[in-house]
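# Structural overview for review
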Amino acid sequence: MKIWLDGGLQDTESARVSVFDHGLTVGDGVFETLKAVDGRPFALTRHLERLTRSARGLGLPDPDLDEVRRACAAVIEANPMPLGRLRITYTGGHGPLGSDRGEHGPTLVVALGETGRRPDSTAVITVPWTRNERGALTGLKTTSYAENVVALAHAHQHGASEALFANTVGRLCEGTGSNVFVVLDGEIHTPPVASGCLAGITRALAVEWTGARETDLPLDVLERADEVFLTSTLRDIQAVHRIDTRQLAGTPGPVTAKAMRIFDEHAGDDLDP
């Protein structure tokens, strides 16, 4: 396997990032995960725009997007596979052990791993921890991901593939790596970005292509929604058949099934929408 590290392709066995990299020591970094389909990245332009927004939110210099595009193309070409998870990681680079940044400049890593298509439906749980809709990192896709690791491990322990958070005022927010949609009386709703959720790329496309509404929702909407589905880069649109102990019959429901078809059709027509 080949990865891109600071300017060129390297073997994964020999590629090295400093143990003093700020992305490791204090989580000072941002990232994007893209789907690579038959040698082409999906929605690359949108992902790079968000990478830049996240970097600016942390106070990092803007990434060189021409280099990132070259890196993505080189890694995909060097590692052919039908469906891959393409990961772009951009950190503060070599720095001190404390929170202050060094002066060595940022680190860029692009890697690709093979993956398979997700099941059409999945189980989720709600967790007792909250998203902080007023935090310094709200809305940024950063490498400070430990709370997601904890929540996702909790979900796996309960036979689920995803954990859903409320925010600090009890409103439905998001999953550890996904956005959540609910169907009420035939209409699709998803929490607004003001809830503290990440402005997901797949979320935005699903809203545009299905006409879903951004709606401030209480967490207990999950107990009465007719249908629920998740969106993310590797899930696309995925129905939910169980929430905690609640089973949703006939999953995917008709509205979710239609949304899945619409998404697949649009995504198939344009790999960089």
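Heads up: the structure comes first, above all this text.
The rules behind the values
Residues numbered from 1 in each chain as written. Predicted model: local features only at pLDDT ≥ 70, side-chain atom pairs only at ≥ 80, totals over all residues. Heavy atoms only, no water. Helix = DSSP H or I, 4+ residues; strand = E, 2+ residues; numbered from the N terminus. Buried < 20%, exposed > 50% of the residue type's maximum accessible area, 1.4 Å probe, protein only. Areas by Shrake-Rupley, 256 points an atom, 1.4 Å probe, with all protein chains shown as cover. Lys, Arg positive; Asp, Glu negative; His and termini not counted. Charge placed at Lys NZ, Arg CZ, Asp CG, Glu CD. Polar contact = N/O pair within 3.5 Å; in protein donor to acceptor, adjacent residues only side chain to side chain. Contact = heavy atoms within 4.5 Å. Axes fitted to C-alpha atoms, helices over the stretch in contact; angles between N-to-C directions. Parallel < 35°, antiparallel > 145°, perpendicular 65-115°, else oblique. Left-handed = near helix turned anticlockwise from the far one by under 90°. Nonpolar A, V, L, I, M, F, W, Y, C, P; charged D, E, K, R; others polar. Salt bridge = Lys/Arg side-chain N within 4 Å of Asp/Glu carboxyl O. Patch = residues over 30% accessible without salt bridge, like charges linked within 9 Å, V, L, I, M, F, W, Y side chains within 5 Å. 1 Å grid on protein atoms, 1.4 Å probe; cavity = no way out; pocket = protein on both sides within 12 Å on 5 of 7 lines; lining within 4 Å. Points joined across faces, edges and corners; volume = space filled by probe spheres on them.

This paragraph deals with the overall build of the protein chain. For the protein chain, the count of helices and strands is 6 helices and 15 strands. Judged by the C-alpha coordinates and their principal axes, the protein chain covers about 55 × 40 × 30 Å. Here the protein chain holds 273 residues, and the buried ones make up 50% of them. Accessible surface computed for the protein chain: about 12600 Å², of which carbon and sulfur atoms make up 51%. One finds the centroid of the 27 positive side-chain charges in the protein chain at a distance of 2 Å from the centroid of its 37 negative side-chain charges.

Turning our eyes to something else, we now look at the side chain of T190. Residue position: T190 is located in strand β11 (residues 187–190). Side-chain polar atoms of T190 contact the backbone oxygen of V180, separated by 2.7 Å. Each residue touching T190, except ones within four places of it in the same chain, is listed here: V180, F181, R203, V207, R213, E214, T215 and L217.

Turning our attention to the packing of helix α2 (residues 44–58) against helix α3 (residues 65–78). Relative orientation of the contacting elements α2 and α3 amounts to 135 degrees, with a least axis distance of 11 Å. Judged by the angle between their axes, α2 and α3 are oblique. Relative to α3, α2 is oriented so that their crossing is right-handed. Judged by residue contacts, L44, T45, L48 and T52 of α2 engage L65, V68, R69 and C72 from α3. Here the residues of the contact of α2 with α3 sort into 5 nonpolar, 2 polar and 1 charged.

As enumerated under the stated definition, the model contains 13 salt bridges in all. A salt bridge links R101 to D28; the nearest nitrogen and oxygen atoms lie 2.6 Å apart. Here the residue R101 occupies a position in the loop between β5 (83–91) and β6 (107–114), and D28 occupies one in the loop between α1 (22–25) and β3 (29–37), the gap between them amounting to 73 residues. You can call R101 partly exposed: its relative accessible area is 37%. Overall, the relative accessible area of 8% leaves D28 in the buried class. The salt bridge partner of R46 is E208, with a shortest N-O separation of 3.2 Å. Separated by 162 residues along the polypeptide, R46 in helix α2 and E208 in helix α5 (residues 201–210) bring together distant segments of the chain. Salt bridges sharing partners connect three or more residues here, namely R117, R118 and D120.

Moving on: a negative patch on the surface. Taken together, E49, D264, E265, D269, D270 and D272 make up a surface patch of like negative charges. When residues in the negative patch are grouped by element, the largest group, 3 residues, is from helix α6 (residues 254–269). Along the chain, D269 turns up in helix α6. By relative accessible area, which is 71% here, D269 ends up exposed.

This paragraph deals with empty space enclosed by the protein. As enumerated under the stated definition, the model contains 1 cavity of 30 Å³ or more in all. Volume-wise, the largest cavity comes out at about 30 Å³. Lining the largest cavity are F42, A43, H47, I201, T202, L205 and T233. By residue number, the principal contributor to the lining of the largest cavity is α5, which donates 3 residues. Within the lining of the largest cavity, the residues separate by chemical class into 4 nonpolar, 3 polar and no charged.

All right, on to the environment of E162 then. Topologically, E162 is positioned in strand β8 (residues 162–167). Along the primary structure E162 and H94 are separated by 68 residues, whereas in three dimensions their C-alpha atoms are 33 Å apart. With residues near it in sequence (within four places) discarded, E162 still touches A123, V124, I125, L152, A155, G175, T176, G177, S178, L230 and R235. Separated by 2.8 Å, the side chains of E162 and S178 make a polar contact.

The values reported here are purely geometric and, on their own, carry no functional implication.
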